[in-house]
Structure formats: C-alpha cells, structure tokens
Amino acid sequence: MSKPPHVVTGDLEAPADTQQAKSTDIAAGQSERRSVHEVWVSGTEAPDEMRRFTDEGAQEMLADESEAVLAGQRGSIVVDDYIPGRESPEDEIQILNMGPQHPATHGVLRLHLELDGETIRRVKPIIGYLHTGMEKTAEALSFLQGPTNVTRMDYLSPLHNELCFSLATERLLGIEVPERANAIRVMMTELNRVASHLLWSATTGLDIGALSMMIYGWRERELVLAFFEKTTGLRMNHNYIRPGGVAADLPDGWEEDVAGIITGVRAGLRDYEDLLLDNPIFLERTKGVGVLAPEEIHAFGITGPLARASGIGYDVRRAFPYSGIEQYDFDVPVFDGGDVYDRFLVRFEEIRQSLRIVEQVKGAMPRGDYRSEDRKVTPPPRARIDQSMEALIHHFKIFTEGFKVPAGETYQAVESARGELGMYLVSDGGAKPWRLHVRGPSFAHVQALPAMLTDSLIADTIAALASADPVMGDVDR
Amino acid sequence: MSRIEAITAAVPAAVAADSLGQAVVRVPRESLPAVAAAARDAGFTMFLDLCAVDYLTRDPRFEVVVHLLAMDPPERVRLLAGVPGDDPIAPSITGVFAGADFYEREAFDLFGIGFSGHPDLTRLLLPDDWQGHPLRKDSPVGSVPVVFKAASDRTHETSVGSPSSGHHEPETAT
C-alpha cells in the first residue's frame, strides 16, 4: 500500500517518529504539545495511547488445530447436528443477552442465554421491564372502573380480561346477567380469540421467515378489529364488558359484519395452511422445536394452546364453563407433538372452532337487555335521569362512590387466547377491590422457556419463544 | 373418598372449607409443602397460581394463596396459609411444584414474604435496589421518591479517580 503523497495535519506539523518517542509519557507529551502549539487537532493523539484502549491483541485464526476442527473448516467433513459435550470448559461458555429491545422477543423481555457454540446451555428469562403496578392500581379503582385497568394487561385479548374481572365481580355480588349479555360476551371474546391467533400467526410467521404470513394475518385481523371499533368504539382496550353486562348493544347491521368476518377468516385460513404447513423451510424450523413434555405442562401450569399441543386437552370453556358457553357446539383440538408445528395446528383449528361458536351465537342471538337491570350495579338510561329522582340518585352514586361489593374472595378463570386467565379477587365490602391478583397465562409460559430451550440451538430460540405467544403486559402487569 | 378428603386425611392439620362454592383448604404455614405434596398425590397435578394478600389489620396479617387444578374430572382447590406480619416467612413449595418459582419470587418482591428453601429468592419485577414492597397496604400509591440527575453530584464523582476509563483526559493542561 502506497503512502498518500501529502498529509495535512493542520497547524501541528510534527514528524511521526518524534511523536512516537514522546508517547512514552502520554500525559507529559500531551500537555507539552498543547503548551507549545496551543492548537489541538483531533486525530493527532499519541498512537500508543489509542492502541492501548482499542487493541484486542493478536487475532488467532485457529485456536484449536485438531484434525476434526480443521477438516470441518476445510469442508472435507460435514458436521451434522453438532452438539459439543456438557464438559466444555467454563471459558468456552458465552453469555448472550437477548433483549429487552430485541424485535423477536415480542415486547420487553430479556433472555439471559449461556451458549456453548450454537447450543443453549442455560436460559434465564428476566422480566419486569413493563411492570407498572397494575395490581396496586386496581386497589385504587372502583369495581366499575376495574375493566379499564385489566383490559390493558393482556392487550391482545383485552375482552377476556374484562370478562374475567366482570365474572369475578358478579360472583361476589351474586347477580345474574341477561341472556343477551352472555351471548354478546361469548361472541366478542371468541372473535377476540380469532384476532389474537391471527396476530400470533402473522408475527410468528414473520419471526421464522414466512413474510407473506405476516401480511395475510394482519389483513384478516383488520376485519375483526374494524368490527370491534364499530361496537365498542376502540380497536383495543375496549372497556366493553363490565360488571352487570356489556357497555352497549351491538350496532345495527352487526349480522352482516360478523358474516363477513366468518367468510373472510375462513378463506384466509385455507391460504395460511397452503402457505405454511407443507413448506419445507417452515417444517424444518418448527418440527421438533421447543418441545414440552406433559409433565412439564403440569409442573409449570401451562395451559391453552401450548398444553393442547402437548396432549393435555384442558380448556376452561369445557372444564368450568362460563357465560353459557356450554350451549354451543365446539371441539377442543389436541395434538401430541408438543412442538412449534403442533402449536400452529392447534391455533389454526381453534380459529375454526371459534368461528363455529360465533356462527351459532349469530344464529340464535337472544332478545332483551344487554345489561343487568339491577340499578345498584348498572347506571340507568340517560332519559330516565330527567324523569326520576331515584334514577338521578343511582346515577350519581354509581359514578361517584361506585357500588359496594359484599366481602369475600373468589377465583375466576376464563380461557383467554393464551390459556387460563385467572383473577383472584378479594373484597372487604367496599366499593374498591381489597386485592386483585391476576394469574396471566403468559407469566407461566415465560417461566417455562428454560424447559423449552435448554440444549437446543440458538436459532430455535426465536421459533420457540414466538410459539409461546407471551404478551409482556400480561407477564409484568 | 374425594380428592379434598384425601388431602385432609394425609395432613390432619389441614382444614377443608368452602368459599362461595369454591373448595378451600386452610393450612398452617409450616405444613404448606406437605399439603401441596398431598394435593399433588390426590390428583391436583397442575400448579396454577400462587399469590399473597395483605389483610393489614387481621391476624395473621398475610395470607399465601395457592391454586391447584386436577383433571378428569376437572376440579380446583385453593390452599390458604396465614403468615404473621412480624415474621413474614413461609416455606417454599418449589420442591413440589417447580412452577412456583416465579410466583414466590413475585410475592417476595411485592409483599416481602420470604420463602424458605427457595433456590433463588430475588426480586422479579422490580429493580434489585428497590426499597420496600409496594403491594403491602402500608405502602401508599405515589410515595416513590424521584431523584433528578441534575440535583446530585454523582456524575462529577464518578468521573474523578477512574484511570481505567478510555476517555480519561488529563485534569489540567498546565
């Protein structure tokens, strides 16, 4: 390499070797340079000083010159399924922090990985980055305001959160909601499950390289979200299901919208299956990856699609029915593989079954009130306030101090899109919960990540993590 | 013999009760792992949830709540163990259900209940240097002191006396 003919270094025109000589005493050299020239040009620091802070020493190309390694590097042998022994020395373990800002962690999750080459030896999920103290907040909000809080926890299935909180409150109150309210609740939560599973298919497809799946999944989910916006006013964090019923009746023409969703998503599902399930790259990335054994499902309390992909046919809708969901026909899909591929199959089939429930609700929507007529719990219609003093008082009481809930504690669970969403609600007889504990399904699933990932390859982390479908708002609360 | 009866038969200190139609077993805190093991053997094989409640004026002040699930036929049970406020320690059930790990850490983090025998009892959701346990009833909302960087001398202090820093400049150019 030839030297440039002329190097301009500003006012400082010291020959290179003079600087080398001076650099033995760096501080003295610098102060001398400054005092002499009173101009300091960037890039003219003593080179030894720069090297001392940046140099990593001589780089060895081949630290291990054993025959097997050399042959592998030359390509003369093909190393298939390379898993080094457990007895790797301590200094060959590399620690990798994945997250909290990694795009494939689906939120602010940090995975502390100990790697031996490409193999994961230990995983430690580190959570709490999204902790906002929502259980504490719940103690400061009245039972009527509660759904606005819990809907923000699992933000991909907000209606399940609202339903769970409302059911727990109603159990403590000992009130029944009208038939129509139950049917609306079932329909909306099943549509929410469809939307959540579509989003999951889209993002998981994206994570493992099926970019078209991402576009298709978002497209069909949009149909559901548009209907939610029409019904509840919002695309997420609806505050639609409240203690006593739902906030508003279904909008005019809802049957056509729901029929459009059913046809649209069913057609989309066929596309996804054509796109993914026979694709060799997709099979390679998902078959036998992130396997959970049935014993691990029990020990870690894993529910929902993850459990049903591992052969555990537990579904809260079947085991402990709520909101009259037992009147509708649906199947609980169960697969035995326990891997990412079977989780795709379970979720695709669950979308079908949810659509089946929605279709039945649509065909037999009961007439009547959409919320309880108990004036101590639900506010009176606006028009009544102008006519009745009593209605005015009820309205005022409900929106200022809220309604009082008898003392007691209860555990209520619903089948959210991710599994068993449970709430342990304690009331001391006041208008605000004494304690609300939320058992988020994602929390249990994140805890079980080490069981899924230990001794697998680092590339499988993405697929296995995505297949668990963790929502960090549900984990950290 | 029902599953609940099997639990109370195995551990006589456990008392079965009913709360709004849900099965409850009250246990002294020291026999919590024994009751959890008995429940697992009675068929409650799935660990669902563990949380704590601070009743503040009651005695004992805290309550550790465990939810377990049995399959075929499906059944739930709730284990309740009182924990006194002046000695907030309960035995860990991680030896029975591995999944209790995060839940016990969460209860330790937010309530300050120590779980003896837990393999790694550290804070889970809050930073390691957090003071206090916010879900306790005597920890009010909005009482967290906020320190602004401009108000402290920390930046000045850390920049002095760190010769290993690569960006260390000589103090004076005299």
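On a predicted model such as this, the values are computed, not experimentally measured, just so you know. Along each chain, the written sequence defines residue order, and numbers are assigned to residues from 1. Chains and ligands are labelled sequentially in the order written, the chains with letters from A and the ligands with numbers from 1. For a predicted model such as this one, the threshold for reporting local features is a pLDDT of at least 70, and the threshold for listing and counting side-chain atom pairs is 80 or more; totals across whole chains, interfaces and linings nevertheless cover every residue.

A separate point is the pairing of strand S4 (residues 62–70) of chain B. Residue and element names in this part refer to chain B. Most of S4 is tucked away, with eight of its nine residues classed as buried. Bridging between strand S3 (residues 46–54) and S4 involves eight bridges; their strand directions are antiparallel. By the bridge assignment, Ala 52 is partnered in S4 with Val 64. Where S4 folds back on strand S5 (residues 75–83), the antiparallel hairpin that results is connected by four residues, among which Asp 72 adopts a positive phi of roughly 50°. To assign burial, the other C-beta atoms lying within 10 Å of each residue's own C-beta are counted, with C-beta atoms placed from the backbone; 20 or more indicates buried, 12 or fewer indicates exposed, and intermediate counts indicate partly exposed. Only runs of H or I of at least four residues qualify as helices and only runs of E of at least two qualify as strands under DSSP, and these elements are numbered from the N terminus. The criterion for strand pairing is that DSSP finds at least two bridges linking the strands in question.

It is worth spelling out the environment of A:Ala364 at this point. All names here are of chain A. One can find Ala 364 in the loop between helix H15 (340–363) and helix H16 (382–387). A residue is classified by how many C-beta atoms lie within 10 Å of it, and Ala 364, with 10 of them, is exposed. In this structure the C-alpha to C-alpha distance between Ala 364 and Ala 183, which are 181 residues apart in sequence, comes to 8.7 Å.

Attention now moves to unusual backbone geometry. Cis geometry is adopted by the peptide bond preceding B:Pro60, which originates at B:Asp59 and carries an omega value of 0°. Checked against the element boundaries, B:Pro60 lands in the loop between S3 and S4. Note the cis peptide between B:Asp72 and B:Pro73, where omega equals -10°. Mapped onto the fold, B:Pro73 is located in the loop between S4 and S5. We note that A:Asp455 has phi near 65°; this positive angle belongs to a residue other than glycine. Looking at where A:Asp455 falls in the secondary structure, it is placed in the loop between helix H19 (449–453) and helix H20 (458–468). With a phi close to 55°, B:Leu56 is a non-glycine residue in the positive phi region.

The subject of this paragraph is the pairing of S5(B). Look at any regular strand and the pattern is simple: side chains alternate between the two faces of the sheet. All names here are of chain B. Note: strand S2 (residues 22–27) against S5, four bridges, orientation parallel. Paired with Arg 26 across the bridge in S5 is Leu 80. Judged from the nine bridges that link them, S4 and S5 form a sheet pairing that is antiparallel. Bridging from a neighbouring strand, His 67 pairs with Arg 78 of S5.

Judged by how many residues are buried, H20(A) sits mostly within the fold: nine of 11 residues are covered. Those residues of H20(A) that fall on the buried side of the exposure criterion are A:Asp460, A:Thr461, A:Ile462, A:Ala463, A:Ala464, A:Leu465, A:Ala466, A:Ser467 and A:Ala468.

Our focus in this paragraph is helix H9 (residues 211–232) of chain A. Residue and element names in this part refer to chain A. The end-to-end C-alpha distance of H9 is 31 Å, a good match for the 32 Å that 22 residues give at a rise of 1.5 Å each. One axis is fitted to the seven residues ending at the residue and one to the seven starting there. The bend at that residue is the angle between these axes. Where H9 bends most, at Glu 222, the angle is about 25°. Residues of H9 that are buried include every one of Met 213, Tyr 216, Gly 217, Glu 220, Arg 221, Leu 223, Val 224, Phe 227, Phe 228, Thr 231 and Thr 232, and no others. The secondary structure elements touched by the buried residues of H9 are helix H8 (179–207) and helix H10 (254–276). Positioned one or two residues after H9, Gly 233 has a phi angle of 95°, which is positive. In this scheme, a helix's expected span is set at 1.5 Å multiplied by one less than its residue total. Residues are treated as contacting if the C-beta atoms built from their backbones sit within 7 Å of each other.

Turning to the interface of chain A and chain B, a few remarks are in order. The partner chain B presents 30 residues to the 35 residues of chain A that form the contact. Those elements giving two or more residues to the side of chain A that touches chain B turn out to be helix H2 (26–37), helix H5 (134–138), helix H12 (294–300), strand S6 (408–416), strand S7 (419–427), strand S8 (435–439) and helix H18 (441–447) of chain A. Classifying every residue of the side of chain A that touches chain B by side-chain character gives 14 nonpolar, 12 polar and nine charged. Put simply, Ala, Val, Leu, Ile, Met, Phe, Trp, Tyr, Cys and Pro go in the nonpolar bin, Asp, Glu, Lys and Arg in the charged bin, and everything else, Gly too, in the polar bin.

All names here are of chain A. For helices, the fitted line uses only the C-alpha atoms of the stretch in contact; every axis is such a line through C-alpha atoms, and the angle between N-to-C directions lies from 0 to 180 degrees. Their axes nearest at 9 Å, the elements H8 and H20 cross at an angle of 175°. Between H8 and H20, the crossing angle belongs to the class labelled roughly antiparallel. Residue-level inspection shows Thr 203, Thr 204 and Asp 207 of H8 in contact with H20, the latter providing Ile 462, Ala 463, Ala 466 and Ser 467. Of the residues in the contact of H8 with H20, the class split is three nonpolar, three polar and one charged. Throughout this description, any angle smaller than 35 degrees is read as roughly parallel, any larger than 145 degrees as roughly antiparallel, any in the 65 to 115 degree range as roughly perpendicular, and the remainder as oblique.

What follows covers the domain arrangement of chain A. By convention here, the domain bounds are inherited from an automatic or database domain assignment. Domain annotation of chain A identifies domain 1 (18–52) and domain 2 (134–476). Taking only C-alpha atoms into account, the centre of domain 1 of chain A sits 66 Å from that of domain 2 of chain A.

What follows covers the nonpolar core. With 155 residues, the main nonpolar core has B:Val35, B:Val64, B:Ala107 and B:Ile113 as its most contacted residues. Ranked by the residues each element gives to this core, the list is headed by H8(A), at 13 residues. One nonpolar core equals one set of buried Ala, Val, Leu, Ile, Met, Phe, Trp, Tyr and Cys residues connected by C-beta atoms within 7 Å.

Attention now moves to the sheet that holds S7(A). Residues and elements named next belong to chain A. Spatially, the three strands line up as an open sheet ordered S6-S7-S8, and their pairing is antiparallel. Bordering the open sheet on either side are S6 and S8, each of which pairs with just one other strand. Across this sheet, the average inter-strand angle for adjacent strands is 15°, counted without regard to direction. The sheet contact formed by S6 and S7 spans nine bridges and is antiparallel. When the bridges of S7 are listed, Ala 413 appears paired with Gly 422. Strands in contact with helix H7 (residues 158–173) are S6 and S7; relative to S6, the strand with the most contacts, it is inclined by about 150°.

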